[in-house]
Amino acid sequence: MQDEKPKRSKQSEKFIPEYDFLFEEHSTRKGKKEKKFFTKLVKMNARPIIFSTLIYVLQGLPTYVMPLMTAYIIDVVTASVEAGGGVTADVWRRIIICSVLLLVVIAQNVPTTIWRFKIVSKMARRTSAGIKSTVVRKLQSLSITYHKDMQTGKIQSKFLKDTDSVDGLFHTILHSIIPNILGVIIATTISVCKNGIIALFFLLVIPCNVGISFVFRKKMRKVYREFRLKTEKVSSKLSNMLEMMPVTKSHGLEQTEIGGFNKSITQLAGAGMEVDMNTARFGSASWVINQLLSAICLIFCSVLALNRYISIGDIVLYQTMFTQISGYVSNLVNMYPSLASGTEALNSVSEIMNAEDVEITIGKAKVPAIKGAVEFENLSYRYPNTEQFVVKDFSLSVKPGECIAVVGASGSGKSTIMNLIIGFLTAEKGDLKIDGKSIKDFNLSEYRHHISVVPQSSILFSGTIRDNITYGLSHYKEKELQKVVEMANLNEFIKDLPNGLDTDIGEHGDKLSGGQKQRITIARALIRNPKILILDEATSALDNISEYHVQKAISSSIRGRTTFIVAHRLSTIRDADRIVVMDQGVAVESGTFEELMAKKGKFYELKCLNDLNLKQAEENLA
């Protein structure tokens, strides 16, 4: 058995934490589900958040000191002018002290900004990596049924776009929300210390802006949700379009595909425009209200100065403070669209994280080795939300090293039995035992290290033949690789390739024939030296020549292993130890090839029909 568990480096483990708990839902007293995602996130990062916030006070000092110094200098100069004594040494001394103080305050902004961004960036990037890694782990833990039901394009959209939006939301909190809230507090505190009555007037900004947010919030949530769903739809459609490209090209359906895709793009653009228009309405309404309040503030302070309630310099101070408070509040309010978008993205990612169709490994038995004995005990299975069983009361005892062929018409339950052996599906009734132990008690990930599957459709990725055969192996011996290459009959075509095993095969192995791809899949299965080998209609899509080479590879690969073969061409299973005939989920016959042919039952009918179909196919080709 080869080591198939890639080891995470200590540096990787240190930098990429596990954040599953962030997405856990909790019930309130009223029974409502809530995640408290950001509450947990903030608690987890409380120390760096507090530290960076304190540094921000130093970083933002110029913003607050400048208007105070400006107002003070104006008052000093105004008093000197009104006194008629000219600019005295005391006035110059005050101006110089203020200037030096301003210079120091402004200069310190550079190191404090870099210091704060270093802390915030490390925290944000680590959190981003943790969230993405957590989603990947969740996707790997979800059952194969979930992945079949959920379109690949939607998953890609959730992972690529929505996790980035969640990251963006956290960045917004760190870089915008916290600094703006702090800005409001500091500016308001300065205003209160100078004049409490004027400060109360300043606070009118907050309810006005909150009111705007309240008016637009429901519409914002709705349009962002519609935009997100249409984005997922386009992403899914793109994924399907790329998969269907050979069919599209071969039937001349390019314009049909373009037309259908353009329709989805138009709908997405419409949803995007709706988002933009709501953002524009929201932003313009907020801007107008804040500008009106700023004008009122200027007039109000001017009246107070004329009546000598405040000094002339205070007009500048209060107008600047009001503009700052108004700006901070306006910034917070204008972040609402981003918050709505990020919150919707969080809901999208949570759909993956809260999915319950998970393969549980905690508390399951480890599987260091197996011999290959398989026992089906009155096993029945039906797919979720259906009433009819696809496999009913199936019983079969298989000894280690036996070769069992399973045949039957489409929908008879053949592939379902294979998926039950792999652990993709769990029996509703009865049990499946491996070496006398129930598969329900196994850690399925460890158990699958001892089995290999050759599916009907070859699953290859862009890379070399070597990469595809050794996929998932952290190390292997060249001698073992050459052995499985020979067993899978790969040398028949590898010798003619420019770089042999290191030849690039293109995306999905498109540079190879069907038979060549299938033999690579067989080699991938064999290099793991499995105790149980599953061949799920491995030759059904091949021509006669390719089938010959693949069948030759299969014959050499099944020796000494418990093997299950789902066969499309019944002539290929003549040498199986036993053949099980399925009909509507029930095993109706079992025996050797000769026994079943002599019986002239269901298998005999299938064989005659199979031969007739092959003969007709050959005549059509001729």
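Q: Let's hear about the overall build of the protein: which residues, and what values?
A: Summing up its helical and strand segments, the protein has 23 helices and 12 strands in all. Expressed as a percentage of its 622 residues, the buried residues of the protein come to 45%. Split by element, the accessible area of the protein, about 33200 Å² in all, is 59% carbon and sulfur.

Q: How would you explain the confidence of the model for the protein if you had to name every residue and give the values?
A: Do not read the fine detail of predicted coordinates wherever pLDDT is low. Considering every residue of the protein, the mean pLDDT works out to 80; 86% of them sit at 70 or more. Contacts for the low-pLDDT stretch residues 1-15, under 50 throughout, to residues beyond four places or in other chains number 26 contacts.

Q: A description of the packing of aromatic side chains should follow, citing residues and the corresponding values.
A: Counting across every chain of the model gives seven aromatic pairs. With 5.6 Å between their ring centres and 85° between their planes, Phe-593 and Phe-603 make a pair best called edge-to-face. Taken together, the positions of Phe-593 in helix α22 (residues 593-599) and Phe-603 in helix α23 (residues 602-621) put the pair 10 residues apart, joining distant regions of the chain. The buried category is assigned to Phe-593, whose relative accessible area is 4%. Taken together, the ring pairs connect Phe-376, Phe-394 and Phe-564 into an aromatic cluster.

Q: Requested: an account of the pattern of salt bridges, with residues and values cited.
A: Opposite charge on two side chains permits them to pair, given that their charged atoms come into close proximity. By the definition in use, this model includes 10 salt bridges. In this structure, Glu-402 engages Arg-578 in a salt bridge whose closest nitrogen and oxygen atoms are separated by 2.9 Å. You can see Glu-402 sitting in the loop between β4 (391-398) and β5 (403-408) and its partner Arg-578 sitting in strand β11 (residues 578-583), a full 176 residues away along the chain. Close ionic contact of Glu-478 with Arg-466 constitutes a salt bridge, the shortest N to O distance being 2.9 Å. With Glu-478 in helix α18 (residues 478-487) and Arg-466 in helix α17 (residues 465-469), the pair connects residues that are 12 residues apart, well separated along the chain. One connected set of salt bridges, linked through shared partners, spans Asp-90, Arg-93 and Arg-94.

Q: Give me the lowdown on the packing of helix α5 (residues 89-107) against helix α6 (residues 109-141), citing residues and values where you can.
A: Where α5 meets α6, the closest approach of the two axes is 5 Å, and the angle between their N-to-C directions is 25°. When the interaxial angle is binned, α5 and α6 end up roughly parallel. Across the interface between the two elements, Val-105, Ile-106 and Ala-107 from α5 touch Asn-109, Val-110 and Pro-111 from α6. Counted by class, the contact of α5 with α6 contains five nonpolar, one polar and no charged residues.

Q: Describe the side chain of Asn-45, with residues and values.
A: Along the chain, Asn-45 falls in the loop between α2 (37-44) and α3 (46-59). Overall, Asn-45 belongs to the buried group, its relative accessible area being 8%. Asn-45 has contacts with Met-123, Thr-127 and Phe-170, leaving out every residue within four places of it along the chain.

Q: So what's going on with the sheet that holds β4? Which residues, and what values?
A: An order of β4-β3-β6-β7 is seen for the four strands of this open sheet, with the pairing classed as antiparallel. Each edge of the open sheet carries a strand with a single partner, namely β4 and β7 (437-438). Of the strands in this sheet, β3 (374-381), β4 and β6 (429-434) are in contact with helix α15 (residues 414-422), which crosses β3 at around 120°.

Q: How would you explain a nonpolar patch on the surface if you had to name every residue and give the values?
A: On the surface, Trp-92, Ile-96, Val-100 and Val-104 cluster together into a nonpolar patch covering about 410 Å² of accessible area. In this fold, Ile-96 is placed in helix α5.

Q: Give me unusual backbone geometry: which residues, what numbers.
A: Note: most residues except glycine have negative phi, and most peptide bonds are trans. Although it is not a glycine, Asn-529 adopts a positive phi angle of roughly 50°. The topology assignment puts Asn-529 in the loop between α20 (514-526) and β9 (532-536). Phi at Gln-584 takes a positive value of approximately 55°, unusual for a residue other than glycine. Relative to the assigned elements, Gln-584 resides in the loop between β11 and β12 (586-591).

Q: Can you tell me about helix α12 (residues 254-306), naming the residues and giving the values?
A: With 53 residues, α12 extends 76 Å between its outermost C-alpha atoms, agreeing within 8% with the 78 Å of an ideal straight helix rising 1.5 Å per residue. Positive backbone phi, approximately 65°, marks Arg-308, located one or two places after α12.

Q: Would you mind going over the pairing of β11 in detail, with residue names and values included?
A: Sheet topology note: the β5/β11 ladder contains five bridges and is parallel. Within the sheet, the bridge partner assigned to Val-407 lies in β11 and is Val-581.

What counts, and at which threshold
Residues numbered from 1 in each chain as written. Predicted model: local features only at pLDDT ≥ 70, side-chain atom pairs only at ≥ 80, totals over all residues. Heavy atoms only, no water. Helix = DSSP H or I, 4+ residues; strand = E, 2+ residues; numbered from the N terminus. Buried < 20%, exposed > 50% of the residue type's maximum accessible area, 1.4 Å probe, protein only. Areas by Shrake-Rupley, 256 points an atom, 1.4 Å probe, with all protein chains shown as cover. pLDDT = per-residue confidence, 0-100. Contact = heavy atoms within 4.5 Å. Phe/Tyr/Trp six-rings, centres within 6.5 Å; stacked < 30°, edge-to-face > 60°. Salt bridge = Lys/Arg side-chain N within 4 Å of Asp/Glu carboxyl O. Axes fitted to C-alpha atoms, helices over the stretch in contact; angles between N-to-C directions. Parallel < 35°, antiparallel > 145°, perpendicular 65-115°, else oblique. Nonpolar A, V, L, I, M, F, W, Y, C, P; charged D, E, K, R; others polar. Pairing = 2+ DSSP bridges. Patch = residues over 30% accessible without salt bridge, like charges linked within 9 Å, V, L, I, M, F, W, Y side chains within 5 Å. Expected span 1.5 Å × (residues − 1).

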